[in-house]
Amino acid sequence: MAGLRFGAKTIRNKRKVDVIMKRILLAAITVMAFLGTFAGTPNTAGAAEATVGYVNMDAVFEACPGTNEAAVELRQLQATLQKQFEEESPQLDDAGKTKLEQELNAKLAKRQQELMDPIQKRISRAIRQVAQEKGIPQIVKAEVILYGGKDLTKDVITAVKA
């Protein structure tokens, strides 16, 4: 009996989820239709391309000078810290292991920030520079673009390498 009840509950929960998802979808479509109808700007691909640019951040990071070296250094540091943990942890109780793990993770995170901050700033400057040169006020990650916009990835890679 308990198994059947669980099954019935699961089916009812699935139906509730389906109803909720349909309501969310309907609300999203209604909002999109409203915005498309009453927006002050024309709803054309040309207008979207003029106001929104997008960048494939993975490609930019991969092409940015210093990224590979930073990744190698971080992997080496992580291996060193892992080895240190494995050597020191057998003599520690659970609380000591937890404290050591936190200290080593903090050390790794600090070094990661030291290495990645200059790279991120360089990429941000390149994106800002390309946006200004192209007259595009808004730049987003390529992953969020569904339709339209202007791909600025190659321009940003060129700027970041300069």
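Keep in mind the model is a prediction, meaning the values are calculated, not measured.

*Asks:* I'm lost on the side chain of Thr67 in this one. Help?
*Replies:* With respect to the element layout, Thr67 can be found in helix H4 (residues 67-88). Side-chain polar atoms of Thr67 contact the backbone oxygen of Cys64, separated by 3.1 Å. Thr67 has contacts with Phe61 and Ile119, leaving out every residue within four places of it along the chain.

*Asks:* Explain the confidence of the model for the chain to me, please; I cannot follow it from the model alone.
*Replies:* Low pLDDT means the predicted coordinates in that region are not meant to be read closely. For the chain, per-residue confidence averages 78 on the pLDDT scale, and 69% of positions sit at 70 or higher. Taken as a whole, residues 1-13 scores under 50 in pLDDT and shows zero contacts with residues more than four places along the chain or in a different chain. Here residues 36-49 is modelled with pLDDT under 50, and outside its nearest four sequence neighbours on either side it reaches eight contacts, counting other chains as well.

*Asks:* Sorry if this is basic, but what is going on with the pairing of strand E1 (residues 52-55) here?
*Replies:* Residues in a regular strand point their side chains to alternate faces of the sheet. Residues Val52 and Tyr54 of E1 are buried on one face, and the alternating residues Gly53 and Val55, pointing to the opposite face, are buried as well. Bridge count for E1 against strand E2 (residues 138-141) is four bridges, and the pairing is parallel. Directly across from Val55, in E2, lies its bridge partner Lys141.

*Asks:* Help me understand the environment of Arg125 in this model?
*Replies:* Relative to the assigned elements, Arg125 resides in helix H5 (residues 94-134). The spatial distance from the C-alpha of Arg125 to the C-alpha of Ala159 is 8.8 Å, given a sequence separation of 34 residues.

*Asks:* It is not clear to me how the nonpolar core should be interpreted in this structure. Could you clarify?
*Replies:* Soluble globular proteins tend to bury their nonpolar side chains together. Within the largest apolar cluster, 24 residues are counted, with the highest numbers of intra-cluster contacts made by Val55, Val60, Ile119, Ile123, Leu152 and Val156. Looking at this core, the elements with two or more residues in it are helix H3 (57-63), H4, H5 and helix H6 (153-161). Looking at this core, the element that brings in the most residues is H5, giving 10 residues. If we skip the residues at most four places from it in the chain, Val60 touches Val55, Ile123, Thr153, Val156 and Ile157.

*Asks:* Mind showing me how you'd approach the side chain of Thr153 here?
*Replies:* Residue placement: Thr153 occurs in helix H6. With relative accessibility at 9%, the residue Thr153 sits in the buried group. Looking at Thr153, its side chain comes within polar contact range of the side chain of Asp151, at 2.7 Å. For Thr153, the residues in contact, after removing those within four places along its chain, are Tyr54, Val55, Asn56, Ala59 and Val60.

*Asks:* Looking at this structure, how should I read the packing of H5 against H6?
*Replies:* Helix packing geometry: the angle between the two helix axes and the distance between the axes. Where H5 meets H6, the closest approach of the two axes is 8 Å, and the angle between their N-to-C directions is 125 degrees. By the angle between their axes, H5 is oblique relative to H6. The two elements H5 and H6 meet at a crossing, and its hand is right-handed. For the pair formed by H5 and H6, the contact residues are Arg122, Ile123, Ala126, Ile127, Gln129, Val130 and Lys134 on the first element and Asp155, Val156, Ala159, Val160 and Lys161 on the second. Tallied by class, the residues present in the contact of H5 with H6 amount to seven nonpolar, one polar and four charged.

*Asks:* What exactly am I supposed to notice about H5 here?
*Replies:* Because the α-helix completes a turn every 3.6 residues, residues three or four places apart line up on one side. Taking 1.5 Å per residue as the helical rise, H5 with its 41 residues ought to reach 60 Å, and the 57 Å between its terminal C-alpha atoms agrees with that figure. The largest bend in H5 is about 30 degrees, located at Met116, with the proline Pro118 one to four residues further on. Of the positions making up H5, those classed as buried are Gly96, Leu100, Leu104, Leu108, Leu115, Met116, Ile119, Ile123, Ala126, Ile127, Val130 and Ala131. Just beyond H5, the residue with positive phi is Gly135, at close to 70 degrees.

Rules and cut-offs
- Residues numbered from 1 in each chain as written.
- Predicted model: local features only at pLDDT ≥ 70, side-chain atom pairs only at ≥ 80, totals over all residues.
- Heavy atoms only, no water.
- Helix = DSSP H or I, 4+ residues; strand = E, 2+ residues; numbered from the N terminus.
- Polar contact = N/O pair within 3.5 Å; in protein donor to acceptor, adjacent residues only side chain to side chain.
- Contact = heavy atoms within 4.5 Å.
- pLDDT = per-residue confidence, 0-100.
- Buried < 20%, exposed > 50% of the residue type's maximum accessible area, 1.4 Å probe, protein only.
- Pairing = 2+ DSSP bridges.
- Core = buried A, V, L, I, M, F, W, Y, C linked by side-chain atoms within 4.5 Å.
- Axes fitted to C-alpha atoms, helices over the stretch in contact; angles between N-to-C directions.
- Parallel < 35°, antiparallel > 145°, perpendicular 65-115°, else oblique.
- Left-handed = near helix turned anticlockwise from the far one by under 90°.
- Nonpolar A, V, L, I, M, F, W, Y, C, P; charged D, E, K, R; others polar.
- Expected span 1.5 Å × (residues − 1).
- Bend = angle between axes of the 7 residues up to and from the residue.

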